[in-house]
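Okay, here's what each chain looks like letter by letter:
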Amino acid sequence: IDEDDILNVTCLSQCFYLENITKETAKQDLIELKLIFNRIISSSNQFQKFISEKVIKFNVNFDYGMGDFRICSEINGKIEWYLEL
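Residues numbered from 1 in each chain as written. Predicted model: local features only at pLDDT ≥ 70, side-chain atom pairs only at ≥ 80, totals over all residues. Heavy atoms only, no water.

Caption draft 1: Structural detail: the pattern of salt bridges. Under the criterion given, the structure shown has two salt bridges. Its salt-bridge partner being lysine 27, residue glutamate 24 comes within 3.9 Å of it at the nearest N-O pair. Residue glutamate 24 and its partner lysine 27 are both found in helix H1 (residues 23-42); the two are separated by three residues, about one turn of the helix. With a relative accessible area of 32%, lysine 27 lands in the partly exposed category. Where lysine 34 meets glutamate 74, a salt bridge forms, and the shortest distance between an N and an O atom there is 2.8 Å. Within this pair, whereas lysine 34 is found in helix H1, its partner glutamate 74 is found in strand E3 (residues 68-75), the two being separated by 40 residues in sequence. (Salt bridge = Lys/Arg side-chain N within 4 Å of Asp/Glu carboxyl O. Helix = DSSP H or I, 4+ residues; strand = E, 2+ residues; numbered from the N terminus. Buried < 20%, exposed > 50% of the residue type's maximum accessible area, 1.4 Å probe, protein only.)

Caption draft 2: View of H1. Along its 20 residues, H1 runs 29 Å from first to last C-alpha, staying within 8% of the 28 Å computed at 1.5 Å per residue. Listed in full, the buried residues belonging to H1 are Ala26, Asp29, Leu30, Leu33, Phe37 and Ile41. Down the axis, H1 shows its buried residues gathered within 110° of arc, on one side only. In H1, the exposed positions angled more than 90 degrees off the buried face are occupied by Glu24, Arg39 and Ser42. Looking at the buried positions of H1, the neighbouring elements they touch are strand E1 (6-12), helix H2 (45-51), strand E2 (55-63), E3 and strand E4 (78-81). (Expected span 1.5 Å × (residues − 1). Arc of directions from axis to C-beta. Contact = heavy atoms within 4.5 Å.)

Here it is as structure tokens:
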């Protein structure tokens, strides 16, 4: 959770090579991240209460071996791109 009370939920892109990442592959990563997150939410009433007042920001990052960087984020259905694809 950052200083604006936004809960960041982040995954790494399933693409191993940066040149293989497209907007479509990143969107697919977002879809899968949200599906997994929704399963977690549905399994815990305490977690549901915890996030009920929070804004959820879904992030897809790329792991380049010595770290990672953001490809895109989604808040309330709006995608922000950090990488020119």
